[in-house]
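Okay, here's what each chain looks like letter by letter:
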Protein chains: 2
Amino acid sequence: MEKLKKYVSVKDEDHFYHQGAVELLIFNFLLILTILTIWLFKNHRFRFLHETGGAMLYGLVMGLIIRYVTKSSDVESGTVYECEKLKSGPSTLLINITNQVYEYQYKREISHHNVNGHQGNAMLQKMTFDPSIFFNILLPPIIFHAGYSLKKRHFFRNLGSILAYAFLGTAISCIVIGLIMYGFVKAMVHIGQLKQWEFHFTDCLFFGSLMSATDPVTVLAIFHELNVDTDLYTLLFGESVLNDAVAIVLTHSISIYSPKENPNAFDAAAFFQSVGNFLGIFAGSFAMGSSYAVVTALISFMHLTKFTKLCEFPMLETGLFFLLSWSAFLSAEAAGLTGIVAVLFCGVTQAHYTYNNLSPDSKMRTKQLFEFMNFLAENVIFCYMGLALFTFQNHIFNPLFIFGALVAVFVARASNIYPLSFLLNLGRKQKIPRNFQHMMMFSGLRGAIAFALAIRDTDSQPKQMVFTTALLIVLFTVCVFGGGTTPMLTWLHIRFGFFYRVGVDPDEDLKAKAASQSASDLDKNTTKAESAWLFRIWYGFDHKYLKPLLTHAGPPLTSTLPEWCNPVARLLTSPSAYGDQLKDDDTVYIINNDELTENCESSAHTPVPAQDSTDCIQATGKEDIQEGDLGLGGYKLQLQHTAGQPQKNSLA
Amino acid sequence: MEKLKKYVSVKDEDHFYHQGAVELLIFNFLLILTILTIWLFKNHRFRFLHETGGAMLYGLVMGLIIRYVTKSSDVESGTVYECEKLKSGPSTLLINITNQVYEYQYKREISHHNVNGHQGNAMLQKMTFDPSIFFNILLPPIIFHAGYSLKKRHFFRNLGSILAYAFLGTAISCIVIGLIMYGFVKAMVHIGQLKQWEFHFTDCLFFGSLMSATDPVTVLAIFHELNVDTDLYTLLFGESVLNDAVAIVLTHSISIYSPKENPNAFDAAAFFQSVGNFLGIFAGSFAMGSSYAVVTALISFMHLTKFTKLCEFPMLETGLFFLLSWSAFLSAEAAGLTGIVAVLFCGVTQAHYTYNNLSPDSKMRTKQLFEFMNFLAENVIFCYMGLALFTFQNHIFNPLFIFGALVAVFVARASNIYPLSFLLNLGRKQKIPRNFQHMMMFSGLRGAIAFALAIRDTDSQPKQMVFTTALLIVLFTVCVFGGGTTPMLTWLHIRFGFFYRVGVDPDEDLKAKAASQSASDLDKNTTKAESAWLFRIWYGFDHKYLKPLLTHAGPPLTSTLPEWCNPVARLLTSPSAYGDQLKDDDTVYIINNDELTENCESSAHTPVPAQDSTDCIQATGKEDIQEGDLGLGGYKLQLQHTAGQPQKNSLA
């Protein structure tokens, strides 16, 4: 008898599991369909639908089918049981039901008004992801990949503008949306279109912050295919990457902001606490992410020099790279910081330092691995967005609110781009032209991040309305603006073509370069541009201290640090690794800084070694400059000669 | 007030999540440590510890720390609550606790005697994976990778022997272990060393079946490094791959076998039901897995010919490949079959057909992707094995039982290898030498599959003892036999060195070949060997019908099928794809079968096109033969000329 019962219970478990397999299978089929469709579209050069748009449309159709074809079945779920003995919800609950103990895992708290949603269709419930999956599994690879592929000199060239758009712009956008929505909600309550739930100003700001995360993935993919102007590409890419980080931390800070008394009143203490919170979390996540990348760089650097044969094991290298990057995310989460922000800066730092130390095989492997993870995760999210429109149980559609939100989003984007561009143009030598500004305005799509932030908290009714609205705005902007990119480019007379390839380092692409001589001349003027002071400070520090410490490039620390620092410098250049080689050959390799001035722009910057140097170091040095993530791109940099002192002395 | 409560509950959730991050972080650090250690070992050519062994040792240490350093904290868990209203355990439970509704997710059923285990340390509980993670996340990539890398002519050459070892051998091993353990248990009960729980004969067989899954991952890694004899490598690799599938299905069938009355009595009906079950599930999973691979081959084949430009998008190709292979797993699970077996045969078929249709970039990407997933999953499992020795809550150590099990495992391995080898040698022209047999005996390590099968069900006390014993045997065999491989090879006088590389297709490796002329001469005799009849039937069918249908290789179907089948043949060669090209050029490409006889062994088998053929097809044909997963390796094959009829007629 007992045997029989167990057999039945095993079958039950199987049943639960098979359900899971069916749901995953549905997702797989949606993705396969998407890929096949996109394959067809790409073949016919049909650019009105990016794969993300396709994924979304298929998701929509599938959601519709699940919603209206499957029947509601599971009667039992939806009943709320009482348990007087429990005082709070434990993480694991053991319940004795008809003399059999069952283990239950805590999932979440449910508001009373949402209980009804659970009485519905079991299939709908099953197709609903746990929101934490987005933040902990799907977003990290996307964000890391964005950071890891940011390895472009154009990014640092436009650093000032990008930072302005990302930080100031996002803050402006958040506040503008918040204010407009607050006015809108007040008006709607006044004309009786909205019941007086507590839709506070903080809820409006919350909506504003999450709607400020732009995600021009479709636009950028088309830019990439059409080889649109590199500066425009960089501005948009840089902005969207950093702006995600800002929006995520901002949303977190706002959701924590809780004035003690009247939730509508302004509470200075709570406000400054939130601001402090924002800064603390942002800085902490930044530090966490980049320090993991620095550790990776050091390990790979040590292995490269000390055990040169170890790049024979690219699998170990790739594994280490992957695990350390993931650890950055997990450590940040464990420390109460924001993992996604950490992983973004980890990616940027990995690309800047570690990438140069990797073996060629590992370089390719890591790139392709994250590219693939990004591809899958992105399509899953967009597919799920389409699905969620019909399968999410607690939608609150309010057409007026949605209309107001659309207006607010556009006004906010406009008051981000145009005023900031005007201010930046005052400082920039190479102005951001009018048509670029229009294109940036047009490219303010909302995507995965906004969706993930909105679905994270759908407990209260205001949050549910926020979620529904956010979802619709994402669908609308991705379909309409994503599809309209090519016509818009033509209409705005933004040059594109195959002569200048976005995403490819110009130096690597000499043929393309030759063809675009005129464009290059234009670039040369560009480069004596805007954020030169910021760039120069950073470049000097990076080139003199960080690069030598973490990679093979640049002059040895012993020559860049002041003479009295020599003992420390020699310690830091790790005698076990870099120092050894220096001593072995008793030669030093110094980049001749004069080389790094004007003629840098013209393709070949072969560094001239000051003395005869080992092949190994020279090769790495060269490579680093060709890979030139921080290449100078024609800046008139006048770094002091760091190789002033006689080298043999400093090593003695 | 409500706000405050919500804030607290959000913090609670965060707390839960941070716990999850900490555990994952611990795993990450263990893996990073493992990689660094192995990196060091490899550098010093220290072969006594494979990475899996290292992972296990670090896991052990970490388990020890967690067990004895962290304190028990969570007092509340472990209390069993009563709920009279519930009649059965629903999948989702809503509970009203102090006027707040919480959602709980069904996890599992717990036996009464295991409830105490839950009163312990919360950290230990948290570090315990859900057993289904092994079967649904960690094992599939390992098994798929094994299948995908099975692309070796040596495998098909030794097909008969491998099938014998895998099917007959595993069955023998299972029965021998079961019988010995049953005798042992009886004896132990007799001398009072074992309480009379119901340790039935089925439990013994269950133990036998799961302990029959060999996993010589360490041994094979060392073979690969040392370039041990290819035939020995293939025999071991093929056996271990197929044997996993057999053991998994066998274990499932035995756990379902439940005689109605006396559990110790033999019930013929139930027995034959189990056998039928085994055959049905095995065949079903095989069909499911290979049909997904065939679909992938067809899609990639169509794309290759019809839209030749589509190999420009390796990401889409790789994505499709990955998703379809995963779907094979999920479909099998959803249909109540065994996903892992399906994924294994999917991998084999993908390697045999789809691989030839992929673009070079995708070939590399898919290989590297699965290699990486295999690497990570394998290390996680071995790491967890070490950990589980100390963190699993319900171990039942019984030294006598463990000793008996070790003896049984060795006896079973011996009665698998030696008698079967003897029988096989009767049929084989190239005998399996004595020292190979000893080496195969020695390489019967137990690994990830045995562990995963054992941890899947640890509800009852016999199953717990089985789990503890299996875990210890895995630890023991991996450490002792894994470490002893190199000395054993020397001791058995098995030639190894760098002249003949395992895992590399001999033809690709001409230099190595020249050096090993004598070895090659020996091989030539080998090849007129054992499973020729099986091989010949399969080869003929595959070459004449499957390869032309699914890839670019081989003669067109129109020439291989009888003349009256021509309409069907033309339909099947898909006029949209292959046929189009044939018509366009009005030429047909036929492999001259004479070429495929004796002189095939001598490196260059450039097929001679019967008529002038398109470059495209010729190139693919050549490549396929060089990649030659099913290459002939010197078989004296005398296939009939299939190009008998005039080609133009058959196309008219």
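Throughout, a residue's number is its position along its own chain's written sequence, starting from 1. Each chain gets a letter, beginning with A, and each ligand a number, beginning with 1, in the order they are written. Side-chain atom pairs in this predicted model are given and counted only at pLDDT of 80 or more, local residue features only at pLDDT of at least 70, and totals for whole chains, interfaces and linings cover all residues. The basis for the side-chain values is all heavy atoms of the structure; hydrogens and waters are excluded.

### Re the overall build of chain A
In this text, helices come from DSSP runs of H or I with a minimum length of four residues, and strands from runs of E with a minimum of two, each type numbered from the N-terminal end. Within chain A, the regular secondary structure consists of 26 helices and 3 strands. Per-residue accessibility, obtained with a 1.4 Å probe over protein chains only, is compared with the maximum for each type, and a residue is labelled buried under 20%, exposed over 50%, and partly exposed between these values. A buried classification covers 61% of the 652 residues belonging to chain A. Contacts were defined at the residue level, with two residues in contact if any of their heavy atoms lie within 4.5 Å. Excluding contacts between residues fewer than 6 apart, the proportion of contacts in chain A whose partners are at least 24 apart in sequence is 83%. A total accessible area of about 25900 Å² is found for chain A, and carbon and sulfur atoms account for 64% of it. For the area figures, the Shrake-Rupley method with a 1.4 Å probe applies, and any residue is considered shielded solely by the protein chains shown.

### What about the pattern of salt bridges?
If the charged atoms of two oppositely charged side chains come close together, the side chains can form a pair. For salt bridges, the criterion is a side-chain nitrogen of Lys or Arg within 4 Å of an Asp or Glu carboxyl oxygen. Evaluated as defined, the whole model comprises 8 salt bridges over all chains. A salt bridge links Asp-361 of chain B to Arg-365 of chain B; its shortest N-O distance comes to 3.6 Å. Remark: Arg-365 of chain B and Asp-361 of chain B occur in helix α13 (residues 360-391); sequence separation between them is 4 residues, near one turn of the helix. For Arg-365 of chain B, a relative accessible area of 11% puts it in the buried group. Each of the salt bridges in this network shares a partner with another, and the network as a whole consists of Asp-361 and Arg-365 of chain A together with Glu-371 of chain B.

### Structural notes on helix α4 (residues 132-148) of chain B
Residues and elements named next belong to chain B. To estimate how far a helix should reach, multiply one less than its number of residues by 1.5 Å. Taking 1.5 Å per residue, 17 residues should reach 24 Å; α4 reaches 24 Å between its end C-alpha atoms and fits that length. The largest bend in α4 is about 50°, located at Leu-139, with the proline Pro-140 one to four residues further on. Within α4, 14 of the 17 residues are buried, leaving the element largely enclosed by the surrounding structure. The term bend refers to the angle at a residue between two fitted axes, each drawn through seven residues, those ending there and those starting there.

### Some details on the packing of aromatic side chains
Centre distance within 6.5 Å is the pairing criterion for rings of Phe, Tyr and Trp, where only the six-membered ring of Trp is used; planes under 30 degrees apart are then read as stacked, over 60 as edge-to-face, and the remainder as tilted. Here the structure, examined in full by the defined rule, presents 54 aromatic pairs over all chains. Taken together, a centroid distance of 5.9 Å and an interplanar angle of 75° make the contact between Tyr-148 of chain A and Tyr-355 of chain A edge-to-face. Of this pair, Tyr-148 of chain A sits in helix α4 (residues 132-148) while Tyr-355 of chain A sits in helix α12 (residues 339-357); the two residues are 207 residues apart in sequence, bridging distant segments of the chain. This pair shows no difference in class: Tyr-148 of chain A is buried, exactly as Tyr-355 of chain A is. Ring plane angle 75° and centroid distance 5.8 Å describe the contact between Phe-282 of chain B and Phe-345 of chain B, whose orientation is recorded as edge-to-face.

### Concerning the environment of Leu-489 of chain A
Residue and element names in this part refer to chain A. Here Leu-489 lies in helix α18 (residues 485-491). Assessed through its relative accessible area of 0%, Leu-489 is described here as buried. Separated by 51 residues in the primary sequence, Leu-489 and His-438 place their C-alpha atoms 9.8 Å from one another.

### Notes on helix α2 (residues 51-69) of chain B
If you check α2 of chain B, its first and last C-alpha atoms are 26 Å apart, about what 19 residues at 1.5 Å a residue would give, namely 27 Å. Listed as buried for α2 of chain B are Glu-51, Thr-52, Gly-53, Gly-54, Ala-55, Met-56, Gly-59, Gly-63 and Ile-66 of chain B.

### Quick word on the packing of helix α7 (residues 201-210) of chain B against helix α9 (residues 230-256) of chain B
Residue and element names in this part refer to chain B. Direction vectors running N to C along α7 and α9 enclose 170°, while the axes themselves pass 8 Å from each other. For the element pair α7 / α9, the angle class is roughly antiparallel. Residues Thr-202, Leu-205, Phe-206, Ser-209 and Leu-210 of α7 form the contact with α9, whose participating residues are Ala-247, Leu-250, Thr-251, Ile-254 and Ser-255. When grouped by side-chain class, the residues that make up the contact of α7 with α9 number 6 nonpolar, 4 polar and no charged. To obtain an axis, a line is fitted to C-alpha atoms, over the contacting stretch when the element is a helix, and the angle between two such axes runs from 0 to 180 degrees between their N-to-C directions. Each angle receives one of four descriptions, namely roughly parallel if under 35 degrees, roughly antiparallel if over 145, roughly perpendicular if within 65 to 115, and oblique otherwise. The classification used treats Ala, Val, Leu, Ile, Met, Phe, Trp, Tyr, Cys and Pro as nonpolar, Asp, Glu, Lys and Arg as charged, and all other residues, Gly among them, as polar.

### Digging into a nonpolar patch on the surface
Residues and elements named next belong to chain A. The patches described consist of residues with a relative accessible area above 30% and no salt bridge, like charges being joined within 9 Å and nonpolar side chains (Val, Leu, Ile, Met, Phe, Trp, Tyr) within 5 Å. On the surface, Phe-271, Phe-272, Val-275 and Leu-279 cluster together to form a nonpolar patch covering roughly 380 Å² of accessible area. Among the structural elements, Leu-279 can be located in helix α10 (residues 268-306). Here Leu-279 falls in the exposed class, since its relative accessible area comes to 52%.

### Here's the deal with the confidence of the model for chain A
All names here are of chain A. pLDDT measures the predictor's confidence residue by residue and takes values from 0 up to 100. Model confidence for chain A is summarised by a mean pLDDT of 72, while 64% of its residues fall at 70 or above. Taken together, the stretch residues 498-531 has pLDDT below 50 and engages in 69 contacts with residues farther than four places along the chain or on a different chain. Taken together, the stretch residues 574-652 has pLDDT below 50 and engages in 155 contacts with residues farther than four places along the chain or on a different chain.

### As for the environment of Ala-454 of chain B
Residue and element names in this part refer to chain B. Relative to the helices and strands, Ala-454 resides in helix α16 (residues 448-455). On a C-alpha basis, the gap between Ala-454 and Phe-206 in space is 9.2 Å, while along the polypeptide they are 248 residues apart. In this structure, Ala-454 is in contact with Leu-210, Phe-467 and Ala-470, ignoring residues within four places of it in sequence.

### Here we look at the environment of Ala-388 of chain A
Residues and elements named next belong to chain A. Relative to the helices and strands, Ala-388 is located in helix α13 (residues 360-391). Among the residues examined, Ala-388 registers a relative accessible area of 2% and is labelled buried. The spacing of Ala-388 and Gly-59 is 329 residues in sequence and 8.1 Å in space, taken between C-alpha atoms. Apart from the residues lying within four places of it in its own chain, the contact partners of Ala-388 are His-395, Phe-451 and Leu-471.

### A few points about the side chain of Glu-333 of chain A
All names here are of chain A. Within the fold, Glu-333 resides in helix α11 (residues 314-334). Here Asp and Glu are counted as negative and Lys and Arg as positive; His is not counted, and neither are the chain ends. This buried residue, Glu-333, is left without a salt bridge; Arg-456 holds the nearest opposite charge, at 5.3 Å. From its side chain, Glu-333 meets the backbone nitrogen of Gly-339 in a polar contact 3.0 Å long. Pairs of N or O atoms are called polar contacts if they sit within 3.5 Å, as long as, within protein, a hydrogen donor faces a hydrogen acceptor (for residues adjacent in sequence, only side-chain-to-side-chain pairs).

### Quick notes on the packing of α4 of chain A against α13 of chain A
All names here are of chain A. Packing of α4 against α13 leaves a shortest axis separation of 8 Å and a crossing angle of 130°. On the basis of their axis angle, the class for α4 and α13 is oblique. In the crossing of α4 with α13, the sense of the turn from one axis to the other is left-handed. Residue-level contacts link Phe-134, Leu-138, Leu-139, Pro-141, Ile-142, Phe-144, His-145 and Tyr-148 of α4 to Thr-366, Lys-367, Phe-370, Glu-371, Met-373, Asn-374, Ala-377, Glu-378, Val-380, Ile-381 and Tyr-384 of α13. Tallied by class, the residues present in the contact of α4 with α13 amount to 13 nonpolar, 3 polar and 3 charged. Helix crossings get a hand from a simple test, with the near helix turned counterclockwise from the far one by less than a right angle marking a left-handed crossing and a clockwise turn marking a right-handed one.

### Focus: the side chain of His-395 of chain A
Residues and elements named next belong to chain A. By the element assignment, His-395 lies in the loop between α13 and α14 (399-427). The exposure class of His-395 is buried, given its relative accessible area of 17%. A distance of 3.0 Å separates a polar atom in the side chain of His-395 from the backbone oxygen of Ala-388. Within the structure, the side chain of His-395 is placed 3.2 Å from the backbone oxygen of Leu-389, a separation counted as a polar contact.

### Details of the state of the cysteines
Each disulfide consists of one covalent bond between the sulfur atoms belonging to two cysteines. All names here are of chain B. A pair of sulfur atoms, both from cysteines and within 2.5 Å, is called a disulfide here. In this structure the tally under the stated criterion is 0 disulfides over all chains. The closest cysteine sulfur to the non-disulfide-bonded Cys-383 is located on Cys-479, 13 Å from its own sulfur. Judged by its relative accessible area of 0%, Cys-383 is buried. Looking at Cys-479, the relative accessible area reads 34%, which means it is partly exposed.

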